[in-house]
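# Geometric and topological summary
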Amino acid sequence: KSAARILASPSLIIIIIIILILMHYSPICVLVTLFYLLYHCTSGSPLVYPPTCFFSIQKDSNGIFWFVDPLGNTSVARGVNGVGIVGDYSPSQGVYPYNSAVLAEFPTNTTPKWTEQAYERLTRWGYNTMGPFGDSSSTLYPLFPRFELLQLAIKSGAANYKVLDFFDPSVAAKMKSVAVSGVAYQATDSKVIGYWSDNELNWGLGWQGGRSILSHYMSFPVSAPGYMTALNFLQSRYTTPAALSVAWGLLTPLTSFALFVSVPWTPTSQDTPKRQQDESDFLFIVASEYYRISRDAIKSQSSYGLFLCDRVGGIPRSVRMTGLFQAAALYCDALSFNYYQNPSMLEVNWAHNLTGLPLLISEFSWRGADIGLPYGNGGVIVPTQTDRANRFGQYVMNITRHPAVIGYIWFQYIDDIDVDVGENGNYGCVNTANQEYTILTTSMRTHNALVDSNHRVGATNPVLPPLCLSTRPCPGNCSGHGCCNTETGKCKCASGWTSASCATNNTVLSLDFTNNVDPPPNTFKLNNDVWGLATFASKNTIVTGGALRIAINNAGCPADCGGKLYSAGGLSTNVNYGYGTATVRAKVFVLPNAMFQIHTLTGAWEGGNPNDQIMWQFTGTDKFSFDIRGYANGVFFNVARVTLPYDVTAAYHDFK
């Protein structure tokens, strides 16, 4: 009867037909999938994601992105780069130090014993995938799902941050050839999660020199397809070089488009919003061509492998770089970043909101200064191994609370000890003697086990509490919402949490002044700054008559008002909060030449600190409308004027 019900199900018949089509690719996977389907159909257990024989990315009903394995199981990808039996070569020693240590430890049956050891370590530490830069020929690689780095552009001439002409047909042909050799032999391997096209290409990021892609392309030979593309782009926007010079704020006006190469690479005073937008728009054109070539080259060899974009060096949150991610959104299955700094939800949100894509952290780590290794270029250095362990816990617990983050990959498995190799130092989970850094790996084991559940609640809990490894007890173990200082035994609380044990939740702000109670200490700060014609003074912000009252006056001015004609008042939160809805109940005052403002912002605004803001401004004597304005990365924008059906000064209203 069960078999009859299964065969009578039209949806299942369709699934089985699809499976039969796929049999030519992976018979073993098809058999496992068929039994899996039969089990779910006969047992009545829920089948959230049907098995597909290959990895995919799905968004669940709560809006949370996941990697889905070939059998339909969801997880956050947790990987390590640079896993291999050989390790890095030391030119000064003339040997591979790690490999020498492995051979000494396992003089017989070296490869099987090392594979068994490495597999046990990685699984014990909680890793479920393998990153690039390891020994892909080792017997360990087939045991883990893995990400493949193809280096399509780099192997076609883009090494050392050289910018290629992606409109040159010969470049596209080379990239396709690299894809054929890198993808075809493993196109049906269900252990391959997906492919990166390249690693840290030069897209004009500051640490790569800051020269825009438009500037690069205008410096190509005049016969190059890329030069013609750039020239046509500029001429389509500006009828004359003089018009471009004005729009870009150039101190030395151009007399010819051919002189564009003389424009300074790194804008200082010679910069305008129009220039930023032009550079972003041209970057979109070039990146779109690159991603199209890469995607088509990969998909021509494997219909199932995910295209995870290239591995971008950092998350460059700026107007100039938006074109890169807008192009990626057209062709990639996910964005990938080598992201070594402490995670900023501002940057992660920016990248996700701009593209709608899930995000994969393709590299991150910290190096300890207590091992005595030389340090060249690369990631952040911290004092001790405990700091590395604490940073790891903070990082993965913070970053995986974001619903779009689907995985992270640590760099790397083994230390690199040679000073004459650019990136070196204490990156490893093990040293070159094949010994574990147990403080670090204990933290990895602890936190890797938590990230799936942490990710599952991320969409409904915007708080980002770091969990830390500690060798000295702190009050309440910091309640899971802070880090324990192992020297002082004191907690450093996560944003939005206070008290000695980080147990006080300030992530939900609710204040009622009807009982004439002043704001809680340390929760608010009185604004003391100079703006416009007024100096902010604490005397103008008081709780009285069941309300928080803000005043403007000119008593004693200008002598007692910092030389200004008026003194004004304001109140700001003194702690940071998560994402959500802010509501203010207020009766607005209107005065000639005055402003009543409600605003949210990403950080302290005093001292000209560039940030993101959303502002509601009630200006002058207008009782029936207000303006919505803001700043994005310090750049002002004006959204709209909103007309209201009521007088804002007549009564209290809720502004949300």
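Note that the structure is a prediction, hence the values are computed from the model and not measured.

The subject of this paragraph is the overall build of the protein chain. When helices and strands are counted, the protein chain shows 15 helices and 31 strands. Classification of the 656 residues of the protein chain by burial places 47% in the buried group. For the protein chain, long-range pairs separated by at least 24 residues make up 61% of all intrachain contacts whose partners lie at least 6 apart in sequence. If you sum the accessible surface of the protein chain, you get close to 30100 Å²; carbon and sulfur atoms cover 56% of it.

We now examine the packing of helix H13 (residues 385–399) against helix H14 (residues 438–448). Any two packed helices are characterised by the angle at which their axes cross and by the distance between the axes. At a minimum axis distance of 8 Å, the contact between H13 and H14 shows a crossing angle of 15°. Taken together, the axes of H13 and H14 are roughly parallel relative to one another. Of the two elements, H13 crosses H14, and the hand of that crossing is right-handed. Of H14, the residues touching H13 (which contributes Gln385, Thr386, Arg388, Ala389, Phe392, Gly393, Val396 and Met397) are Ile439, Leu440, Ser443, Met444, His447 and Asn448. Here the residues of the contact of H13 with H14 sort into seven nonpolar, six polar and one charged.

This part is about the pattern of salt bridges. On inspection of all chains with the given rule, the structure shows 20 salt bridges. Two residues, arginine 629 and aspartate 627, come together in a salt bridge whose shortest N-O distance is 3.8 Å. Exposure remark for arginine 629: the relative accessible area of 25% places this residue in the partly exposed category.

Across a regular strand the side chains alternate sides, sitting on one face of the sheet and then on the other. Strand S11 (residues 359–364) sits mainly inside the fold: six of its six residues count as buried. Bridge count between strand S10 (residues 335–338) and S11: four bridges; the pairing is parallel. Residue pairing for S11: serine 336 is matched across the bridge by leucine 360.

Taken together, three strands build an open sheet; the order of strands is S1-S2-S3 and the sheet is antiparallel. With partners counted over all chains shown, the strands left at the sheet margins are strand S1 (56–59) and strand S3 (74–75), one partner each. Alignment of S1 against strand S2 (residues 65–68), held across four bridges, turns out to be antiparallel. The partner of glutamine 58 across the bridge, within S2, is tryptophan 66.

Right, let's talk about the state of the cysteines for a bit. Applying the stated criterion to the full structure yields one disulfide. Residue cysteine 309 pairs covalently with cysteine 332 via a disulfide, S to S 1.9 Å. One quick way to see it: the torsion about the S-S bond of cysteine 309 and cysteine 332 is about 100°, and its sign makes the bridge right-handed. In this pair, cysteine 309 is assigned in the loop between strand S8 (306–307) and strand S9 (311–313) and cysteine 332 in the loop between helix H11 (322–331) and S10, connecting sequence segments 23 residues apart.

In this model, the protein chain carries a mean pLDDT of 81, and residues with pLDDT of at least 70 account for 77%. Throughout residues 1–8 the model reports pLDDT below 50, and contacts reaching past four residues in sequence, or to other chains, amount to six contacts. Here residues 462–471 is a poorly scored stretch, pLDDT under 50, and it has 46 contacts once near neighbours within four places are set aside; other chains count.

Before going further, it helps to examine the packing of helix H6 (residues 169–183) against helix H10 (residues 273–299). At their nearest, the axes of H6 and H10 sit 9 Å apart, and the two run at 35° to each other. Both H6 and H10 take part in a crossing whose hand is right-handed. Mapping the contact onto sequence places Ala172, Met175, Lys176, Ala179 and Val183 in H6 and Tyr290, Ile293, Ser294, Ala297 and Ile298 in H10. Looking at the contact of H6 with H10 residue by residue, the classes come out as eight nonpolar, one polar and one charged.

On the surface, Leu533, Ile552, Leu565, Tyr566 and Leu591 cluster together into a nonpolar patch covering about 450 Å² of accessible area. Within the secondary structure layout, leucine 533 lies in the loop between strand S20 (530–531) and strand S21 (534–536).

What follows covers H14. Taken together, the buried positions of H14 are occupied by Leu440, Thr441, Ser443, Met444, His447 and Asn448. The buried residues of H14 all sit within an arc of 155° when viewed along its axis, so they share a single face.

Let us look at the side chain of aspartate 310. Secondary-structure assignment places aspartate 310 in the loop between S8 and S9. One buried charged side chain, aspartate 310, makes no salt bridge at all; its nearest oppositely charged neighbour is arginine 311, positioned 9.1 Å away. Only 2.7 Å separates the side chain of aspartate 310 from the side chain of tyrosine 291, close enough to count as a polar contact. Non-local contacts of aspartate 310, meaning those with residues more than four positions away in its chain, are made with Ser197, Asp198, Leu201, Trp203, Tyr290, Tyr291 and Ser336.

Moving on, we get to the environment of proline 225. Of note, proline 225 is situated in helix H8 (residues 225–237). On the basis of relative accessibility, which here comes to 33%, the residue proline 225 falls in the partly exposed class. When sequence neighbours within four positions are dropped, the list of residues in contact with proline 225 reads Asp165, Phe167 and Asp168.

With that settled, consider unusual backbone geometry. Across the junction of phenylalanine 411 and glutamine 412, the peptide omega takes the value 5°, indicating a cis bond. Summarising the element assignment, glutamine 412 is placed in the loop between strand S14 (405–410) and H14. Here the residue pair cysteine 557 and proline 558 is connected by a cis peptide bond, since its omega of 5° sits within 30 degrees of zero. Among the secondary structure elements, proline 558 is positioned in the loop between strand S23 (547–550) and strand S24 (566–568). Despite not being glycine, cysteine 309 has its phi angle at roughly 65°, a positive value. If you check the backbone angles, asparagine 434 has positive phi at about 65° while not being a glycine. Relative to the helices and strands, asparagine 434 resides in the loop between S14 and H14.

A turn of α-helix holds 3.6 residues, and therefore any two residues three or four places apart point the same way. In this model, helix H5 (residues 110–124) (15 residues) spans 21 Å end to end at C-alpha, consistent with the 21 Å of a helix rising 1.5 Å per residue. Within H5 the residues assigned to the buried category are Thr110, Trp114, Thr115, Gln117, Ala118, Arg121 and Leu122. Residues of H5 that are buried make contact with strand S4 (77–80), helix H4 (97–105) and strand S5 (129–130). Trailing H5 by a residue or two, glycine 126 shows a phi angle of about 95°, which is positive.

It is worth spelling out the nonpolar core at this point. Formed by 119 residues in total, the largest nonpolar core has its most connected members in Leu122, Phe166, Trp203, Tyr291, Trp410 and Tyr413. The element that contributes the greatest number of residues to this core is H10, accounting for nine residues. Dropping the residues within four chain positions of it, tyrosine 413 is found in contact with Val80, Asn81, Gly82, Val83, Tyr98, Ala118, Arg121, Leu122, Trp125, Gly428, Cys429 and Val430. Grouped together as the second largest cluster of nonpolar side chains are 11 residues, Ile598, Phe626, Leu644 and Phe655 included.

All right, on to the environment of glutamine 341 then. In this structure, glutamine 341 sits in the loop between S10 and helix H12 (345–355). Here glutamine 341 falls in the partly exposed class, since its relative accessible area comes to 49%. C-alpha of glutamine 341 to C-alpha of tryptophan 366: the two residues are 25 residues apart in sequence and 9.1 Å apart in space.

Rules behind the numbers
Residues numbered from 1 in each chain as written. Predicted model: local features only at pLDDT ≥ 70, side-chain atom pairs only at ≥ 80, totals over all residues. Heavy atoms only, no water. Helix = DSSP H or I, 4+ residues; strand = E, 2+ residues; numbered from the N terminus. Buried < 20%, exposed > 50% of the residue type's maximum accessible area, 1.4 Å probe, protein only. Contact = heavy atoms within 4.5 Å. Areas by Shrake-Rupley, 256 points an atom, 1.4 Å probe, with all protein chains shown as cover. Axes fitted to C-alpha atoms, helices over the stretch in contact; angles between N-to-C directions. Parallel < 35°, antiparallel > 145°, perpendicular 65-115°, else oblique. Left-handed = near helix turned anticlockwise from the far one by under 90°. Nonpolar A, V, L, I, M, F, W, Y, C, P; charged D, E, K, R; others polar. Salt bridge = Lys/Arg side-chain N within 4 Å of Asp/Glu carboxyl O. Pairing = 2+ DSSP bridges. Disulfide = S-S within 2.5 Å. pLDDT = per-residue confidence, 0-100. Patch = residues over 30% accessible without salt bridge, like charges linked within 9 Å, V, L, I, M, F, W, Y side chains within 5 Å. Arc of directions from axis to C-beta. Lys, Arg positive; Asp, Glu negative; His and termini not counted. Polar contact = N/O pair within 3.5 Å; in protein donor to acceptor, adjacent residues only side chain to side chain. Expected span 1.5 Å × (residues − 1). Core = buried A, V, L, I, M, F, W, Y, C linked by side-chain atoms within 4.5 Å.

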